[in-house]
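Given next are the chains, with one letter for each unit.
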Amino acid sequence: MSDDEAQAAALQPVRGAARFAIAGLVLAGAAWVLRAVWHIRLAVTGQPASGPPHQGGGRHRPLTDLENSYHFVTNVGDAVTLLCAVAFLAWLLRIRDNAQALSGKPPRYSLPWVYLGWVVPIINLWVPRGVVVDIHQRSAPGKRLPRSVNWWWGLWVVGLLSGVGLMYTGTTDEVMVRAYSDPQFLLAADAVLVGAAVAGVFVVRALTAVQRTHSWS
C-alpha cells in the first residue's frame, strides 16, 4: 500500500457529518427568519395599551396571543440553534481529525479550544475561525482559503457583538419590548445571523470537498 493509499484509508468519512451540519445550518437560518417575521408582526401590531409585559413592582400582565406565540417561536429557535451547534461541531471534529491525518502534525488548537473557543469572551472573536483555517491549511497546504470562511466569520462576529442578535441581552419579554419600539436593530441582527448560516453552508461544502479529494468517503 502506498503512502497516499494508507493516508486515505486513515481518513474518516465526512459526507454524512457534512450533510447533518448543512441541515442544521439551514434549519437555524430558517428559525432566525421566522423570528424576524415575528419581530415585524410585533412592530406592526404595536405594544398593547396596557404597557409592557413587566409592569413593575413584581406585576406581570397576561401576554397576548401574539406574545405567547413569540415565546414559542423563540423556544423552538433556541432548540434548533442548539442542534445546529451540535451537528456543526461533530462535523468540525471529524474534519479536524482528518486534517491531522493528512498533515501528520497535531492541530494548532488543542481539543478543548474547539469547544471553549466559542464561549470564552474575547477569545471567541478569533479562535473558532482559527480552528477552521488550520483545518483547511493542513488539508490543502498552499491553497487559498475559501472566501466563504471570512464571510461566515465576519457575519457571525457582527451578530455576536450586536447585543441584539445571537446573544440577545435580557429576557424574551424584554426583547419583545425592543421589537415594539426599535425593531430595526433586531431585524438587522436577524439578517446578519441568517447570512452567517448561509455562509456556513458554503464553508461546510468547501472544506468537505477539499478532504473528499483525498478519499472516496
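Residues numbered from 1 in each chain as written. Predicted model: local features only at pLDDT ≥ 70, side-chain atom pairs only at ≥ 80, totals over all residues. Heavy atoms only, no water.

**Focus on the overall build of the protein**
The helix and strand inventory of the protein stands at eight helices and two strands. When the elements of the protein are put in sequence order from the N terminus, they spell out α-α-β-β-α-α-α-α-α-α. Projected onto its principal axes, the C-alpha positions of the protein cover 75 × 30 × 25 Å. When the 217 residues of the protein are sorted by exposure, 43% land in the buried category. If you take every contact in the protein between residues at least 6 apart in sequence, the share linking residues at least 24 apart comes to 73%. Total accessible area on the protein stands at roughly 11,500 Å², and carbon and sulfur atoms take up 65% of it. (Helix = DSSP H or I, 4+ residues; strand = E, 2+ residues; numbered from the N terminus. Buried < 20%, exposed > 50% of the residue type's maximum accessible area, 1.4 Å probe, protein only. Contact = heavy atoms within 4.5 Å. Areas by Shrake-Rupley, 256 points an atom, 1.4 Å probe, with all protein chains shown as cover.)

**A few points about helix α2 (residues 15–45)**
Relative to the 45 Å expected for 31 residues at 1.5 Å per residue, α2 spans 45 Å between its end C-alpha atoms, a close match to the ideal helical length. Directly after α2, the chain includes Gly-46, whose backbone phi takes a positive value near 85 degrees. (Expected span 1.5 Å × (residues − 1).)

**Thoughts on the environment of Ser-110**
With respect to the helices, strands and loops of the structure, Ser-110 is situated in the loop between α3 (65–103) and α4 (111–116). Taking the relative accessible area as the measure of exposure, Ser-110 reaches 40% and is therefore partly exposed. Taking C-alpha positions, Ser-110 is 24 Å from Gly-16, a pair spaced 94 residues apart along the chain.

**Thoughts on the packing of helix α5 (residues 127–139) against helix α8 (residues 183–212)**
Packing of α5 against α8 leaves a shortest axis separation of 9 Å and a crossing angle of 25 degrees. Relative to α8, α5 is oriented roughly parallel. Helix-helix and strand crossings are classified by hand; for α5 and α8 the assignment is left-handed. Together, Val-132, Ile-135, His-136 and Ser-139 of α5 and Val-203, Leu-207, Val-210 and Gln-211 of α8 make up the contact between the two elements. A class-by-class count of the residues in the contact of α5 with α8 yields five nonpolar, three polar and no charged. (Axes fitted to C-alpha atoms, helices over the stretch in contact; angles between N-to-C directions. Parallel < 35°, antiparallel > 145°, perpendicular 65-115°, else oblique. Left-handed = near helix turned anticlockwise from the far one by under 90°. Nonpolar A, V, L, I, M, F, W, Y, C, P; charged D, E, K, R; others polar.)

Scope: geometric values only; no functional claims are made or implied.
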